[in-house]
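# Residue-level structure breakdown
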Amino acid sequence: MSENYQSFEYDVLVIGAGGAGLRSAIEASAAGCKTALVCKSLLGKAHTVMAEGGIAASLATVDSRDSWQQHFSDTLIGGNFGNHWKMAELHAKQAPERVRELEKWGAVFDRTTDGKGNINVRHFGGHTYKRLAHVGDRTGLELIRTLQDKGVHSGIDVHMECTIYALLKDGDRIAGAYGYFRETGRPVLFKAKSIIVSTGGIGKLFSVNSNSWECTGDGFALAYLAGAELADMEYVQFHPTGMVWPHSVRGLLITEGVRGEGGVLKNNKGERFMFNYIPPKYQGKYAETEEEANAWFQKVVVEGQKEEGVKERKPPELMSRDVVARALWNEIKAGRGSEHGGVYLDIASRRSAEDIKKKLPSMYHQFKQLADVDITKVPMEVGPTCHYMMGGVKVNPETQESTVRGLFAAGECSAGMHGSNRLGGNSLSDLVVFGKLAGENAAAYAKLTSMPKIDDSVLAGLNKEMNQPFENKGEVSYAILADLQTAMEKGAGMYREESLLDGCLKDLEALKERLKKVAAEGNRLFNPGWHVALDLRNMLIVGEALARAAKERKESRGGHTRTDYTTYSKDFAKKRIVVRKKGEAMEIVQEDLPQVPAELEAELIKGGFLKAEILKQLRGEAPAH
Amino acid sequence: MSKIHMRVYRGNSEGGQLKDYDVEVAEGMVVLDAIHNLQATQASDLACRWNCKAGKCGSCSAEVNGKPRLMCMTRLNEFAEGETITVTPMKTFPIMKDLATDVSWNYEVNKRIPPFTPREGADWHWQQKDADRAQEFRKCIECFLCQDTCHVLREHDKKTSFAGPRFFARIASLEMHPIDGLDRTELLKDQHGIGLCNITRCCTEVCPESIRITDNAIIPLKERVVDKYYDPLRMLWSAVTGK
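Residues numbered from 1 in each chain as written. Chains lettered and ligands numbered in written order. Predicted model: local features only at pLDDT ≥ 70, side-chain atom pairs only at ≥ 80, totals over all residues.

For the rest of this paragraph, the subject is the sheet that holds strand 10 (residues 230-231) of chain A. Think of a sheet as strands paired side by side through backbone hydrogen bonds, with each pair either parallel or antiparallel. Residues and elements named next belong to chain A. Within the open sheet, the four strands sit side by side as 15-10-19-20. Their pairing is antiparallel. Of all strands in the sheet, those with a lone pairing partner are strand 15 (392-393) and strand 20 (585-592), marking the two edges. Pairing geometry for strand 10 and strand 15, over two bridges, is antiparallel. Bridged to alanine 231 within strand 15 is glycine 392. Packed on one face of the sheet, helix 15 (residues 528-552) meets strand 10, strand 19 (575-582) and strand 20 and runs near 45 degrees to strand 20. (Pairing = 2+ DSSP bridges. Helix = DSSP H or I, 4+ residues; strand = E, 2+ residues; numbered from the N terminus. Contact = placed C-beta atoms within 7 Å. Axes fitted to C-alpha atoms, helices over the stretch in contact; angles between N-to-C directions.)

Dropping the structure here:
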């Protein structure tokens, strides 16, 4: 079936218009490339708007002890050394410059209270010092609006409400993308010399998640189908504090900023249980008694004293997300959970109503409006929610290029930066640091190359695939989506084991068969049932990659917890799991994960940024759990 | 689980009508949940925009029983038992399909606003109280409900000569930025037609972010225009001196 499609030609095509996509498009355009940005929604609605707490960068405006070395070390320890060290290094070094650049482009960050008028920073889990530049609890909105307003004046073509269905190649290199406009259903071809995928995460694969509808893992699947390798797909972050009630908002995020502002976690006995869950890697860095944690809170958060002069250590509620999420899960499982199956997060007894409304306005608003709960008066109920994919397209850490020539990835879509667990605040900085690098390198590549050729006969096949649901007579897409979410939650969720993962893979096979027969009602005009049917192909690929990688890694590390292999393993500490397409099958291989060079590691240990014994634990060479 | 009765607009640019549905709902649900239930069980091709379902992205704007609202932040328990809930698309913008409207005009207006332009040699250190003023307007999630309700756009369709409250808030965020050095007063007067606003405050009422658009953005901007172009003393001075 031949169809009348629209056609465009660009030097650089960016797919996905969240923080990473916008930043890379701005960069590519500034380099003189004819650049387009494709977004599945309207511009400015991407999942980045939901980022709340802040953007991590060692600006050292509040705590002068901060440095890139400490940020780098915190990121590696947070990621349990599953990170690609080079990405973590570039990130730690370049984040401050990227934050100041956002300010130059019009972002209005909150200011320090010392009268010096600098960018203020706050505490967040796993960061040694106050490090997150922020705008109340709507930092993501500030970031996306700043980039959006910069972008619309940068000569970038924006194609809104457009879904890419396939990447096209010319021999071994990338050549373009084919998809459809959601509003009209009309197909569209983009020819491009280089392409950046920055399509965000995969939250919608799980029934309890904090993500927008767009987070269906498109970039992972598109890159995989085009022959690019994926890595670290087993590392999925379950954020400890999602809403648990009412059911319709289950999973909706509650910012870590609540804990940064003094909020504490309690079980149904009223105990602050986090003191019981300090892992060896954080021992000595966090308060060990309630008295100590309260003294720190009083001095640092309430009185605003400089932490340099405070001898008490910060509360264990501020450990990294993987640690806190597991602690919550344990408490709930042990029967010490809250009424609706979570635990309590209490800010009401810690801060004045006025402070809460000022520091956490959208949290106040969210609970009041959606749960009839006044968080200035009573504790919130919270539980783990699928939040972030650490894995993704395997990229060259310095150029962000994938294993396919001309195809780049940035942001949540790329792998390596965060290792097995991301620290809060490191996502927004990831977007702008690696967005810029991807834009720069995609532009450099585009300038060196000629416009690739596209074989028109491929498009007819793609049209047939995209239209198939209108020919089918079976069920519509929504039940398949719901069953996929249940299968992932059950078989590849926060806790995994061999038999559950096998069950999950079996479920996915059955869902694939159902998807072949999925039907769409009506026509191609703005048809959500049809859109979901097409997104499901991507979600099933990502689900399978995730479950297979999780099966391969026989250890527990960060966002990958196995009940049958509960500790760090020496055999896997220096490996990364890579997924690639081989014929029609999915191939899983173990590759060596590049390690921090010995000289740099020695320097960090000497400087007191890292401890040698923690490294040993994370490498499975000393007991850690 | 209980059932509610809904009427939802179904149609496209060529026309349409309200359609009746009975929908299963549970405690705590919002209007958007009911719409999603409809899609999953009765109308898989029902078009509506949504993203975050948390009141942060401003995608799911519609009119619920005639009032401009975010569907994700409108709880079903706001309505009386047995009350029919009618959901229609935003009236000010052309209908694309069902609840989705063509809001591209807003993006065109935004392009015509000169971007943030820092003063030369500006001091990048400033205090929270200076940030506060700009931050209020930067809370905007671009749901366009203020544009939908504004009678200059809704009743009089002045899209060619009037930017609307969303973009007055946007301009205010720039004009009140402590470092911005550009003067957008002439644009406000001529291209963006701020004089057409007669301060009925409808925009402020519907803003889900509680931005005081009228009092804190539009009125101060109107004052700037008046000071610059309609101050009688200044007009006299100009007439005499030719400046």
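Before going further, it helps to examine helix 4 (residues 139-151) of chain A. Taking 1.5 Å per residue as the helical rise, helix 4 of chain A with its 13 residues ought to reach 18 Å, and the 18 Å between its terminal C-alpha atoms agrees with that figure. With 12 of 13 residues buried, helix 4 of chain A is to be regarded as a mostly interior element. Those residues of helix 4 of chain A that sit buried are Thr139, Gly140, Leu141, Glu142, Leu143, Ile144, Arg145, Thr146, Leu147, Asp149, Lys150 and Gly151 of chain A. Along its buried surface, helix 4 of chain A packs onto helix 1 (19-30), strand 3 (55-56), helix 3 (85-104) and helix 11 (426-448) of chain A together with helix 3 (128-138) of chain B. (Expected span 1.5 Å × (residues − 1). Buried ≥ 20, exposed ≤ 12 C-beta atoms within 10 Å, placed from the backbone.)

Quick look at the domain arrangement of chain B now. Residue and element names in this part refer to chain B. Splitting chain B by domain gives domain 1 (2-101) and domain 2 (104-232). Inter-centroid distance (C-alpha atoms) of domain 1 to domain 2 is 29 Å. Counting residues at the interface gives 11 residues for domain 1 and 12 residues for domain 2. The residue inventory of the side of domain 1 that touches domain 2, partitioned by class, reads five nonpolar, four polar and two charged. (Domains from an automatic or database assignment. Nonpolar A, V, L, I, M, F, W, Y, C, P; charged D, E, K, R; others polar.)

This part takes up the sheet that holds strand 4 (residues 121-122) of chain A. Reading across the sheet, the three strands line up as 3-5-4 (chain A) and stay open at both edges, with antiparallel pairing between neighbours. Because the sheet does not close on itself, it has two edges, and the strands there are strand 3 and strand 4 of chain A.

All right, on to the interface of chain A and chain B then. Listed by partner, the interface residues are 45 residues for chain A and 45 residues for chain B. Broken down by secondary-structure element, the contributors of at least two residues to the side of chain A that touches chain B are helix 3, helix 4, helix 10 (361-371) and helix 15 of chain A. If one sorts the elements of the side of chain A that touches chain B by residue count, helix 4 of chain A sits on top with five residues. Classifying every residue of the side of chain A that touches chain B by side-chain character gives 17 nonpolar, 14 polar and 14 charged.

What follows covers the environment of threonine 101 of chain B. Residues and elements named next belong to chain B. Mapping threonine 101 onto the fold places it in strand 7 (residues 100-101). As a C-alpha pair, threonine 101 and glycine 28 span 73 residues in sequence and 27 Å in three-dimensional space. The residues touching threonine 101, leaving out its near neighbours within four places in the chain, are Pro89, Met90, Phe93, Pro94, Ile95 and Met96.

All right, on to the pairing of strand 19 of chain A then. Residues and elements named next belong to chain A. The pairing of strand 10 with strand 19 spans two bridges and is classified as antiparallel. The residue of strand 19 that forms the bridge with alanine 231 is valine 578. Summarising the sheet, strand 19 and strand 20 pair through eight bridges and their orientation is antiparallel. Counterpart to arginine 580 in the pairing with strand 20 is glutamate 587.

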